[in-house]
Amino acid sequence: MDRDTTPAGHVTRKTVLRAALAAGMAAPAVLMGVPALARNLTDGATPPPITPECHDGDAPTIEQMEGPYFKPNSPLRTSLLEPGTSGVPLTVSGYVFGRACKPISGVLMDFWQADTNGAYDNTGFRFRGHQFTGADGGFKLTTIVPGLYPGRTRHLHVKVQAPGRPILTTQLYFPGEPRNNTDSIFDARLLMAVRDAGGGAKEAAFDFVLNIAQDPGTPTPTPTPTATATAPGGTWAVGTAYRAGDSATYAGRAYVCLQAHTAQPGWEPPLVPALWRAA
């Protein structure tokens, strides 16, 4: 099989990246976003299937630095817009897959970004929020296009953590930005697919591939909040709605909740530092 095409004859995203980098571009405009998607792009007229096709054997999404502006305890929300928010409206959507291209539900996704002027809110939680992927592994974030500040191109920050797995910290980028060529952190493998959505708004898509082994022949286990007995030697329990600042014990150790969430299998305090901090 031609290593530059998939079994279905599609050009792989790695091929697009090689061509783009060889040409000295972030990504070809006519193929914008192809490097970011682990599934087929649709024509925009029809929604993607519940389980999008992932046909390229995509490598796991790469990590990038957290930067100095991350704050724990972001609010649980899918929209970062607040009254009086200014900027170009942006909707970011996509899916989270494992290495066998099977979607993963219940994945924690924590987003943060600069405002339209390139400033981060370091005292409150403007343009900060977390959510969980749905049963189809999908997510959707409503926000604005972030502004620019010295030394960086336009970007979004995100932490991604599947139940009981390590945290992936990375950044997402916009195609066609002049500063993509001068930002030392920029990586074309993290380009989103961006298009005009009408009325001055933008739509972007990006699929995350986590380094999680999956058996293509069996269903992907997904966390389902159900009432169970309390944890051994502790008060933490599946199905409990915890708020930031709540306390719980697990296996004889005390923890403080960092993010509001409903406890589910795989989210035991020792396994999820994004949700729990040892007291």
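Basis of the calculations
Residues numbered from 1 in each chain as written. Predicted model: local features only at pLDDT ≥ 70, side-chain atom pairs only at ≥ 80, totals over all residues. Heavy atoms only, no water. Phe/Tyr/Trp six-rings, centres within 6.5 Å; stacked < 30°, edge-to-face > 60°. Helix = DSSP H or I, 4+ residues; strand = E, 2+ residues; numbered from the N terminus. Buried < 20%, exposed > 50% of the residue type's maximum accessible area, 1.4 Å probe, protein only.

Before going further, it helps to examine the packing of aromatic side chains. For the structure on display, the rule yields eleven aromatic pairs. On the basis of an interplanar angle of 90° and a centroid distance of 6.4 Å, the ring pair of Tyr 69 and Tyr 149 is categorised as edge-to-face. Taken together, the positions of Tyr 69 in the loop between α1 (13–22) and β1 (89–97) and Tyr 149 in the loop between β4 (138–144) and β5 (155–161) put the pair 80 residues apart, joining distant regions of the chain. Judged by relative accessible area, which is 16%, Tyr 149 ranks as buried. Consider the rings of Phe 111 and Phe 139, whose centres lie 6.1 Å apart with planes at 35°: the pair is tilted. Of this pair, Phe 111 sits in strand β2 (residues 108–112) while Phe 139 sits in strand β4; the two residues are 28 residues apart in sequence, bridging distant segments of the chain. With respect to class, Phe 111 is no different from Phe 139; both count as buried. One aromatic cluster is present, built from ring pairs that chain together Phe 111, Phe 139, Phe 206 and Phe 208.

Attention shifts here to the side chain of Gln 131. Note that Gln 131 resides in strand β3 (residues 128–132). In this structure Gln 131 comes out as buried when scored by relative accessible area, which is 4%.

Treat this as a map of the structure, not an account of what it does.
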